[in-house]
Amino acid sequence: MNQAIQFIEDEYFDSERQAVFFSALDNGRKLACAISIAELSSHFGEGEPLALFDQNRWDIEEMAEKAITSELDDSNGDYWLSK
């Protein structure tokens, strides 16, 4: 695991974008990460989005770390997690 990336427990569900958003710190820089309901369901089954996120936090953070280190941010600077 990359010690420079730390995850903050500030996740929330955005009903408009149908995704769980959470933050990471990369060398002191705050980054927005997101995983859609569809991706949550695809990886972890059906359920309440924040509960699924919480139950699978380590796996989701690992996915986010890979996206961050691969610089896979979108035009808004957000890191959307996908397969």
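Here, residues in each chain are numbered from 1, in the same order as that chain's written sequence. Predicted model: local features are reported for residues with pLDDT of at least 70 only, side-chain atom pairs are reported and counted for 80 or more only, and whole-chain, interface and lining totals are derived from all residues. Note: side-chain values were computed over all heavy atoms of the structure, leaving out hydrogens and water.

J.: Mind laying out the overall build of the protein, listing which residues take part and the relevant values?
T.: Here a helix means four or more residues in a row that DSSP labels H or I, a strand means two or more in a row labelled E, and each is numbered from the N terminus. Per the secondary structure count, the protein includes 3 helices and 4 strands. Reading the helices (α) and strands (β) of the protein from amino to carboxyl end gives β-β-β-α-α-α-β. For the protein, whose C-alpha radius of gyration is 12 Å, the value lies close to the compact-globule estimate of 12 Å for 83 residues. Considered along the principal axes of its C-alpha atoms, the protein spans approximately 35 × 25 × 25 Å. The reference for a compact globule is 2.2 Å times residues^0.38; the radius of gyration itself is calculated from the C-alpha atoms.

J.: I'd like to hear about the sheet that holds strand 2 (residues 19-26), residue by residue, with values.
T.: Reading across the sheet, the 4 strands line up as 1-2-3-4 and stay open at both edges, with mixed pairing between neighbours. Each edge of the open sheet carries a strand with a single partner, namely strand 1 (5-14) and strand 4 (79-81). Looking at each pair of strands side by side, their axes are set apart by 25 degrees on average, direction ignored. Where strand 2 meets strand 3 (residues 29-36), 8 bridges bridge the pair, whose relative direction is antiparallel. Two strands are counted as paired when DSSP detects at least two bridges linking them. To define axes, lines are fitted to C-alpha atoms, for helices over the stretch in contact only, and angles between the resulting N-to-C directions are given on a 0 to 180 degree scale.

J.: Provide a residue-level description of helix 3 (residues 57-69), including the pertinent values.
T.: Helix span is expected to be 1.5 Å times the residue number reduced by one. A rise of 1.5 Å per residue sets the reference length of helix 3, with its 13 residues, at 18 Å; its end C-alpha atoms lie 18 Å apart and thus fit the reference within 8%. Partly exposed describes any residue whose relative accessible area lies between the buried limit of under 20% and the exposed limit of over 50%, with all areas from a 1.4 Å probe on protein chains only and scaled to the type maximum. The complete set of buried residues in helix 3 reads Arg57, Ile60, Glu61, Met63, Ala64, Glu65, Ala67 and Ile68. On its buried face, helix 3 is in contact with strand 1, strand 2, strand 3, helix 1 (37-44), helix 2 (49-55) and strand 4. Looking at the residues trailing helix 3, positive phi occurs at glutamate 71, about 55 degrees. For this analysis, residues touch if any pair of their heavy atoms sits within 4.5 Å.

J.: Please give an account of the packing of aromatic side chains that cites residues and values.
T.: Two rings from Phe, Tyr or Trp (for Trp, the six-membered ring) form a pair when their centres sit within 6.5 Å of each other. Planes less than 30 degrees apart are called stacked, planes more than 60 degrees apart edge-to-face, and all others tilted. In this structure the tally under the stated criterion is 4 aromatic pairs. A centroid spacing of 6.2 Å and a plane angle of 40 degrees characterise the contact between phenylalanine 7 and phenylalanine 22, whose relative ring orientation is tilted. Taken together, the residues span a long stretch of sequence, with phenylalanine 7 in strand 1 and phenylalanine 22 in strand 2 at a distance of 15 residues. For phenylalanine 7, a relative accessible area of 19% corresponds to the buried category. Of the residues examined, phenylalanine 22 reaches a relative accessible area of 3% and is grouped as buried.

J.: Tell me about the side chain of serine 23, residues and numbers included.
T.: With respect to the helices, strands and loops of the structure, serine 23 is situated in strand 2. Polar contact is defined as a pair of N or O atoms within 3.5 Å, subject to the rule that within protein one atom must be able to donate a hydrogen and the other to accept it, and that residues adjacent in sequence are counted only when both atoms are side-chain atoms. A polar atom in the side chain of serine 23 sits 2.7 Å from the side chain of aspartate 10.

J.: If you had to explain the pairing of strand 1 to someone new, which residues and values would you point to?
T.: Where strand 1 and strand 2 come together, 7 bridges link them in antiparallel fashion. Bridged to isoleucine 8 within strand 2 is serine 23.

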